[in-house]
Structures are given as C-alpha cells and as structure tokens.
Amino acid sequence: RLGSVVAYFTSAKFLLYIGHALSTWGDRMWHFAVSVFLVELYGNSLLLTAVYGLVVAGSVLLLGAIIGDWVDKNSRLKVAQTSLVVQNASVILCGVILMIIFLFKTQLLTLYHGWLLTMCYILVITIANIANLASTATAITIQRDWIVVVAGEDRSKLADMNATIRRIDQLTNILAPMAVGQIMTFGSPMIGCGFISGWNLMSMCVEYLLLWKVYQKTPSLALKSAKVEESELKQLNVKKESDIKPAEGVQLIVEKDLSGFEPAQEKEMSCSARIAEPFITFRDGWVAYYNQPVFLAGMGLAFLYMTVLGFDCITTGYAYTQGLSGSVLSLLMGASAVTGILGTVAFTWLRRKCGLVRTGLISGVAQLACLVLCAISVFMPGSPLDLTVSPFADISARLFESEPLPTIASPEVKPGMVFATGMPNLLNGSTTPANSDPEMSPEPVPLISVSLLFAGVIAARVGLWSFDLTVTQLLQENVVESERGIINGVQNSMNYLLDLLHFIMVILAPNPEAFGLLVLISVSFVAMGHIMYFRFAQKSLGKQLFVCCTPHPKAVSDSSPPDNTSTV
C-alpha cells in the first residue's frame, strides 16, 4: 500500500497536477491584481482596466491560430518551457515596473507633462498582454496535448484528469485572489507587486523542473505527429484502399529532429511570403476549425461566453447596485465554486453511465433549466428593469452632453470613490453601492429578483462545467494530434470573441435599468449554444440520441472513433 501511494505521488499525472496548480495560482493572482493595480494607478477610473481587457481579448482573437500553429510545429518540451519562461518573466518584469510607478508616481507625473507615466502604462499593458499570450500557449500545450498523451489510450483516465484540472481551477479561482487581496489590503499595492513577482520567480523554477520530470516519465511525449505535405497525401490516395492504413496520413517524427527540420522550400522563402505566412496560418486555422467534426460543439461552448450570468466585474457591480454587501457576494462566489466542483463530479459520473456526447446534452438541459430562474428574476419585484428608459441613455448623455470623465488629475476623485459601474474600491475595502448617499436612507430594494438571479447563476454552474469538460474532451479525442494546437488556438479565439462581444454589449447599455435585457440576451445565447451542440449530437448519435444506458466497456465515448482510427 505504501508503495502504491509513493508511486502515485511520483507519477507523471500527479506531477502534472502540481505544476498546473502552481501555474494557475500565479495566473489567478496576477489577473486579479493587475486590474486592481491599473484602477488604483489611474485615479480610481476603469479606463486602463478596460483598455487592458480589450487588448488581451483582441490579441488572443487575432493570434490564437498562430500561437496554436507554433505549438503544433515545435517539440512539446520546447513549447512548454518557452511559454513558461516568457509568461513568468513577463509577470516579474511587470511587477517591477509597477513597483517603480507606485514609488515614483508623483515625479513621473511632472516629467514630460506626464507622457513618461503614460508610456509606463502602455509598457505595463503590453508586457501583461505578452504574459497572457504565453499563458494561452501553456494552456493549449498542457491541457489539450500533454494530458492526452499522459492518459494514453485510456479515455476514462483522460476524463478523470480533465475533471481534476477543472477542480484545481475552481479552487484557485477563489483562493488565489483572496490571498493576494489580503496582502494588498493589509500591506500595500507595492508589497502586492513584490509578492507576485517573487511567487512567479519561485513558481517558474519549480514548474520547469516538474515539466522536465513529466517529460522523462512519459516517453511518448517525445513523439509528435506532423502533417504530410498535400502532394504526398494525393500520392497516397492513388493506392488501393486495402493497402492504406487509417493513420497513414500522419507520420511520427522524433521531437529532437522536428525542431531542426526545415524543408528546402522554406529556406528559400521570399520576403513577401514570410510576411504573408501569419495571415495564411490565420486563414488555414479557421478553415481547419470549421471542417472539424466537433465544430458545432466548439461553437456551442463559445456561445456560452456571451453572457453576463457569471461572477465577473459586471454581475458583481450590478449586485452592489441592488444592495448586496461584499461579505454576501464572497459567500455567493464560494457557493459557485462548490457547484462548479460538483459539475466536475457530475461529468465523470454521467460519462460512465451515458457516454460523452449524451453527457453534454444532459449538462446543457440542466444549465438551461437553472437559467430559467434568471429569466424569471427580470420580471420579479425588485428588478430595476424599466422599458421606458432607453438602454443607451447613459452613453448618449456622455456623447451629446459632454459629461466629463474622471482623470488622474481630477480633483473630484476621492480615495473612497465608488465607480460609476457599481464596483467598489477594492484596495480600501469600500462596499458602498453605486450612486448611494450615506446621508440619505433610501427605501430597501426587495431582494426577490436578485436572489432568484444568483440562485440561477450558482445552480447553473453544475451544468456549465460539466458541459465545458464534455466539449474539452471531444476536442481532445476527435482532433488529430498534428492539429491540436491550431484548433484549440482557434477555439480560444472564438471564446474571446464572444466574451468581447458581451463586454461591448454592456458598454452600450450600462445602466441598471437595462441589465434585465442583458440577462434575457445572455440566456438566449446560451440556448443557441446548446442548440448547436444538440445538432452535433444528432449527427453523431442519430436515432440513439436519447438512449441513456451504461455503455459497453469498449464504447466509453459514444462519439469518438475506435482506438485504431484517427478522425480529421
């Protein structure tokens, strides 16, 4: 028994979990802290945070396919180590720059009429964006490729590993921001920068070692599929069908040879061809994504990002306008993490009982059923929905009445100021709802509407995370190994595109009276996403769509091809 315990703790699977936990913990701390730092630096305005979010989303949207293609064309160890070093080095550098800005902010303001400080802001956002792109590459190579290889042919093991990775994500989503938030509250933003930089330096060294250990313990990681040239594939098709093996369109290349392999044509590539190469890769990536058998399933997952029904800054800001305190919101976020973990447990159980594709169907129905509560909450007492108020009233006032926005030098901005969106000042602990006056005692807002809203959001996390894991494993099992990087890069781009659209939707209709409309639009997009998945399941299963039973031991995944074939 002791030997089996030791074997588990030294296995490649466990080492992969530890590395992912360290990486995710650092990521969550940084993503939380950088937004707060930018708010604090720019006079409690959300402008820099909004610019940062826009740059990050736009970069992944444009470069997702190119990053994925880079992952496909290079050795696994090289990709993992390079992205790890670039990501952590960027965060460390950002932390150092932010510490300098916090220390010498007043002096920087007076130099070159404040342009030097503006350049520092641009530098921070640029480096932070590079860190996010490197994090995207790390997620693609570890969560979409390494895990599949470590699990081998055992799809049950793959499902368990995916579920464990998501549980780690759920826990770090809550605990990491809490930890760095306490350091920033009881210390200072500068101490928070120093702590995050030190953590990333230590974490980078440990993760680098863990990656090397996993690579040594899994010899199959040293083999990587590479696509054969199109002309060679045409020659293969001339052969008799009986002579062609299912995987003959793919050849295995040892990774140490892959990185140094350069065809003669590539060496003679002209300057114009090199300039056009990223655009061709971008086009080819989206075309390949569209041609995947799991295209509709991936689109269904992406549509779930077009929603305000999550625990992001938008929903949190709305909750403050409805009178919920910070302590209540923290409890609700904890409850959402618990239901998210339950979703990962439900995924593994449903997959064993009903198969992978049907698990996605059941998860989708469960999520939609819970989101009905959110739609009902729009019309319940306490809902600020007012159809007589134009959703664009706030933005129209700013455009046509020239309402001033707070700037870094604005004398009206006070340290305890609450943002116009309802977001509290996270550094000084203010939790006063937006547009409130402490001298006035307004009538309490009925909590029926907001209670139903968050009950639906929290309960829907079970179906959401189970569905997310379903689509993740479908992509892992049904995308050919040589295209995993580029296909998952495009999937990330689609997710960011829909996420970006949801922020644009909020920018166009930011007033609380319009939030009910945003809820209904969000439920509609989630429903459209699950309709796409239903269509995919219908194609995959046909008449057996609604038959749910314990599958044959060999038929663990009812959508995937037999183990001796490869689906392109």
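Within each chain, residues carry numbers counting from 1 in the order of the written sequence. Restriction of local features to residues with pLDDT of at least 70 applies here, the model being predicted, together with a cutoff of 80 or more for giving and counting side-chain atom pairs; totals for whole chains, interfaces and linings are based on all residues. The side-chain numbers reported here are obtained from all heavy atoms of the structure, hydrogens and water having been left aside.

## Some details on the overall build of the protein chain
Step number 1: Labels follow the DSSP assignment, with helices taken as runs of H or I lasting at least four residues and strands as runs of E lasting at least two, numbered in each case from the N terminus. Helices and strands together make up the secondary structure of the protein chain, namely 19 helices and two strands.
Step number 2: Once local pairs closer than 6 in sequence are excluded, the contacts in the protein chain between residues at least 24 apart make up 84%.
Step number 3: Residue exposure ignores everything except the shown protein chains as possible cover, and the areas themselves are Shrake-Rupley values with a 1.4 Å probe. A total of about 27,600 Å² of accessible surface is found on the protein chain, and carbon and sulfur atoms cover 67% of it. Two residues form a contact once any of their heavy atoms are found within 4.5 Å.

## Topic: the nonpolar core
Where a protein is soluble and globular, its nonpolar side chains tend to be buried together.
Step number 1: By size, the foremost hydrophobic cluster in this structure holds 64 residues, and its most contacted members are Val308, Leu309, Phe454, Val519 and Tyr533.
Step number 2: Ranked by the residues each element gives to this core, the list is headed by helix H17 (residues 448–478), at 11 residues.
Step number 3: With residues up to four places along the chain from it excluded, the contact list for valine 519 reads Val308, Leu309, Cys374, Ala375, Val378 and Leu453.
Step number 4: Membership of the second largest hydrophobic core comes to 57 residues, among which are Ala33, Ala128, Val180 and Tyr215. Here, nonpolar core refers to any group of buried Ala, Val, Leu, Ile, Met, Phe, Trp, Tyr and Cys residues whose side-chain atoms link them within 4.5 Å. Burial classes: relative accessible area under 20% of the type maximum marks a residue as buried, over 50% as exposed, and values in between as partly exposed (1.4 Å probe, protein chains only).

## Let's talk about the side chain of serine 90
Step number 1: Take serine 90: it is sitting in helix H4 (residues 76–110).
Step number 2: Its relative accessible area of 8% is what places serine 90 among the buried residues.
Step number 3: When sequence neighbours within four positions are dropped, the list of residues in contact with serine 90 reads Ile127, Ile130 and Ala131.

## Some points on the packing of helix H12 (residues 295–303) against H17
Step number 1: Lines are fitted to the C-alpha atoms to define the axes, a helix being fitted only along its stretch in contact, and any angle between axes, read from their N-to-C directions, falls within 0 to 180 degrees. Taken N-terminus to C-terminus, the directions of H12 and H17 make an angle of 145°; their axes are 10 Å apart at the nearest point. The handedness of the crossing between H12 and H17 comes out as left-handed. For the pair H12 and H17, the contacting residues are Ala297, Gly298, Gly300 and Leu301 in the first and Phe467, Asp468, Val471 and Leu474 in the second.
Step number 2: Asp, Glu, Lys and Arg are counted as charged, while Ala, Val, Leu, Ile, Met, Phe, Trp, Tyr, Cys and Pro are counted as nonpolar; the rest, among them Gly, fall into the polar class. Considered class by class, the residues forming the contact of H12 with H17 number five nonpolar, two polar and one charged. Note on convention: near helix rotated counterclockwise from far helix by under a right angle means a left-handed crossing. Clockwise means right-handed.

## Brief notes about the confidence of the model for the protein chain
Note that predicted coordinates carrying low pLDDT should not be read in detail.
Step number 1: Summary of the metric used: pLDDT quantifies the predictor's per-residue confidence within the range 0 to 100. Here the protein chain averages 79 in pLDDT, and 76% of its residues register 70 or above.
Step number 2: For the stretch residues 402–442, pLDDT sits under 50, and the model shows 66 contacts to residues farther than four places along the chain or on other chains.

## Let's talk about the packing of aromatic side chains
Geometrically, a pair of aromatic rings is defined through the distance of the ring centres and the angle of the planes.
Step number 1: Each Phe, Tyr or Trp ring (for Trp, its six-membered ring) is paired with any other whose centre lies within 6.5 Å, and the angle between the two planes then decides the class: stacked below 30 degrees, edge-to-face above 60, tilted in between. Applying the stated criterion across every chain, the model contains 16 aromatic pairs.
Step number 2: Ring centres of tyrosine 8 and phenylalanine 14 lie 5.5 Å apart, and the angle between their planes is 55°; on these two criteria the pair is classed as tilted.
Step number 3: Judged by centre distance (6.0 Å) and plane angle (50°), the ring pair of phenylalanine 282 and tryptophan 286 falls under tilted. Of this pair, phenylalanine 282 and tryptophan 286 both sit in helix H11 (residues 271–290), separated by four residues, roughly a single helical turn.
Step number 4: Taking the relative accessible area as the measure of exposure, tryptophan 286 reaches 23% and is therefore partly exposed.
Step number 5: What links up through ring pairs into an aromatic cluster is the set Phe282, Trp286, Tyr289, Tyr290 and Phe295.

## Focus: helix H6 (residues 155–186)
Step number 1: Every helix has an expected span of 1.5 Å times one less than the residues it contains. In this model H6 runs 47 Å from its N-terminal to its C-terminal C-alpha over 32 residues, within 8% of the 46 Å that 1.5 Å per residue would give.
Step number 2: At threonine 172, H6 shows its largest kink, close to 30°.
Step number 3: The N-cap residue of H6 is aspartate 154: its side-chain oxygen and the backbone nitrogen of serine 156 are 3.1 Å apart. To get the bend at any residue, fit one axis to the seven residues that end at it and another to the seven that begin at it, then take the angle between the two axes. N or O atoms within 3.5 Å of each other form a polar contact, as long as, within protein, one can give a hydrogen and the other can take it, and as long as residues adjacent in sequence are counted only when both atoms are side-chain atoms.

## Thoughts on the side chain of asparagine 129
Step number 1: On the secondary structure map, asparagine 129 appears in helix H5 (residues 115–151).
Step number 2: Since its relative accessible area comes to 9%, asparagine 129 is described here as buried.
Step number 3: There is a polar contact of 2.8 Å between the side chain of asparagine 129 and the side chain of serine 59.
Step number 4: Excluding anything up to four places from it in sequence, asparagine 129 contacts Tyr52, Val55, Val56 and Ser59.

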